[in-house]
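# Descriptive analysis of the structure
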Amino acid sequence: MSRRSYGGTLLTDEQRQICELARQFAVEELRPRIEERDEAEGQFDRSPVDQLGELGFLGMLIPEEYDGLGLDMLTYLYALEEISWGDPSVAVSMSVHNSLPTQVLLRHGSESQKDRWLKPMARGEVLGAFSLSEAGSGSDAAALQAQAIREGNTWRLRGEKLWVTNGASADLVLLMARTDTPEDRRGTRGIGAFIVPTDSAGYVPGRKERKLGLRASETLAVALEDLVLGDEHLIGEPDRGFGYALEALEGGRLGIAAQAVGIGEAALDHARDYADTRSQFGSKLREFQGIQFKLAEMATRLEAARGLMYRAAQAYTANEPRRRKLSSMAKLYASEAAMYISREAVQVFGGYGYSREYPVEKLFRDAKVTEIYEGTNEIHRLIIARELYLERGMNS
Ligand SMILES: Cc1cc2nc3c(=O)[nH]c(=O)nc-3n(C[C@H](O)[C@H](O)[C@H](O)COP(=O)(O)OP(=O)(O)OC[C@H]3O[C@@H](n4cnc5c(N)ncnc54)[C@H](O)[C@@H]3O)c2cc1C
């Protein structure tokens, strides 16, 4: 089914089957309705995400004892690439759910929290979202202001969250709020991580963002209006939520790299096929050296992005000290490659590339956000530079 080799013979039979299932889903279920979903901006269609859940794709990184598939990061990224090739707007839901709320619950949730929330999430019955960002705190995420006030055995949440992917349609949100007090601010050590059911009283989804790309994905603001939660909703220690979020985002970045690689591959496929059918000056576009150079550059950047992502996934799985730097590098390089490849694909299509009638216009719009979310590329450059000096310290 797949036209890719996935690193030649290195894949196990199980990995190959999973990749092929993901590609089949992308071809048969995602691609046929990709335009329709994009045009129906603001009306999030959860059905493809639910179908992914039925196939096990929402529990890929969860061990079998918690009803997941117990697969490794690399296999998950292979599958995510395929889903993103099918429709990046659907891939973002798969990525957020698998990388963020489920990983925090797995690593820091109690056994009863895992039974109650992680297991149905792994089975794909319950969709998870992640809420760290606010209007005043994006890159400087620890500056968040939403407040969790201690009242006996409960927490009362007040504030405004922003940019919550699936903030209305998900069932649960892993939400970061301050557990320190206004009189005694403790920075990164004053934030808790809470599991919030989206049907809780006081959880009020707001305006949906009207976006450049990923239009079939829901992104919105959420108001916390005296939302009261019992202690069982707090994950781990009350002052450690920020650390849990950052730890999960390390794996999340690899998911963004996979989304970007999927977008790049889709754009290259379309450009290659178009250059083989369109003729000008009596020759097919593919016969012009100027077009050949474009395709060669696009294909080379795509493979470089994929190779770096696989290397970063290996470092992540082996818990290598360089894993953080490699995750940032993979996200940075793959997102810029996706932007480059989709822009060049529009150019190969000429005027038709600028039209909504053809698919590369959407890919160009979708690619941009991979340079922005889960840490902007400027922030990843800062992380990479910081890690270079930390490494030198470790080696000396
Ligand atoms: C479609 C979409 C979905 C999202 N989904 C989620 C979600 O599900 N959950 C969630 O919590 N968040 C989500 N986000 C938020 C996203 O993570 C933030 O937008 C991102 O972290 C950047 O924050 P910001 O938008 O406030 O930009 P800012 O932090 O204000 O940055 C603005 C610019 O300044 C640059 N900049 C900032 N600080 C520095 C610095 N120190 N050095 C150099 N340059 C700097 C940035 O790189 C950027 O270019 C989503 C965003 C989008 C667009």
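In this text the structure is predicted, and so the values were computed from the model without any measurement. Every chain is numbered independently, its residues counted from 1 as its sequence is written. In view of the model being predicted, local features appear only for residues whose pLDDT reaches at least 70, and side-chain atom pairs are presented and counted only at 80 or more, with totals across whole chains, interfaces and linings using the full set of residues.

## Notes on the overall build of the chain
- When its secondary structure is counted, the chain shows 12 helices and 10 strands.
- Radius of gyration means the value over C-alpha atoms here, while the globule rule gives 2.2 Å times the residue count to the 0.38 power. Taken over C-alpha atoms, the radius of gyration comes to 21 Å for the chain, in line with the 21 Å a tight globule of 396 residues would show.
- Each principal axis of the C-alpha distribution contributes one length, and for the chain these read about 80 × 55 × 40 Å.
- For the chain, the residues scored as buried account for 50% of the 396 residues in total.
- Relative to all contacts within the chain whose residues are 6 or more apart in sequence, the contacts with residues 24 or more apart total 72%. Secondary structure elements are defined from DSSP: runs of H or I of at least 4 residues count as helices, runs of E of at least 2 residues count as strands, and each element is numbered from the N terminus. Here a residue counts as buried when 20 or more other C-beta atoms sit within 10 Å of its C-beta, as exposed when there are 12 or fewer, and as partly exposed otherwise, the C-beta atoms being derived from the backbone. By the criterion used throughout, residues are in contact when their C-beta atoms, derived from the backbone, lie within 7 Å.

## Here's the deal with the packing of helix α6 (residues 101-108) against helix α7 (residues 111-122)
- Here the axes come from fitting lines to C-alpha atoms, over the contacting stretch only for helices, and the angles between their N-to-C directions go from 0 to 180 degrees. Axis separation between α6 and α7 bottoms out at 10 Å; the angle between their running directions is 145 degrees. Every pair of crossing elements has a handedness; the one defined by α6 and α7 is left-handed. Along the contact surface, α6 presents T102, L105 and L106, while α7 presents Q113, K114, W117, L118, M121 and A122.
- Throughout this entry, Asp, Glu, Lys and Arg are counted as charged residues, while Ala, Val, Leu, Ile, Met, Phe, Trp, Tyr, Cys and Pro are counted as nonpolar. The remaining residues, Gly among them, count as polar. Taken together, the residues of the contact of α6 with α7 break down into six nonpolar, two polar and one charged. Crossings are sorted by hand: turned counterclockwise from the far helix by less than a right angle, the near helix makes the crossing left-handed, and turned clockwise it makes it right-handed.

## Some points on helix α11 (residues 360-368)
- In terms of burial, α11 is a largely internal element, seven of the nine residues being buried.
- All of the buried residues in α11 are V360, E361, K362, L363, F364, D366 and A367.
- Elements in contact with the buried residues of α11: α2 (34-39), α5 (88-99), α8 (241-275) and α10 (323-349).

## Examining the nonpolar core
- Here a nonpolar core is just a set of buried residues of the types Ala, Val, Leu, Ile, Met, Phe, Trp, Tyr and Cys, joined wherever their C-beta atoms sit within 7 Å. Counting residues in each nonpolar core, the largest one holds 120 residues, and the members touching the most others are F194 and M309.
- Considering each element in turn, this core owes the most residues, 18 residues, to α8.
- Aside from chain neighbours lying at most four places away, what touches M309 is L77, L254, A257, A258, V261, A330 and A334.

## Some words on the domain arrangement of the chain
- Once the domains are mapped, the chain shows domain 1 (8-122), domain 2 (128-239) and domain 3 (243-395).
- Boundaries between domains were set according to an automatic or database domain assignment. Computed over C-alpha atoms only, the centres of domain 1 and domain 2 are separated by 23 Å.
- With 23 residues of domain 1 at the contact, the number on the domain 2 side is 20 residues.
- When residues of the side of domain 1 that touches domain 2 are traced back to their parent elements, those giving at least two are α2, α5, α6 and α7.
- The biggest single contributor to the side of domain 1 that touches domain 2 is α5, with six residues.
- Class assignment for the residues of the side of domain 1 that touches domain 2 results in 10 nonpolar, eight polar and five charged.

## Brief notes about the environment of S139
- Positionally, S139 belongs in the loop between β1 (128-131) and β2 (147-151).
- On the basis of neighbour count, S139 is assigned to the exposed category, with 11 C-beta atoms found within 10 Å.
- Taking the C-alpha atoms as reference points, S139 and I372, 233 residues apart in sequence, are found 9.7 Å from one another.

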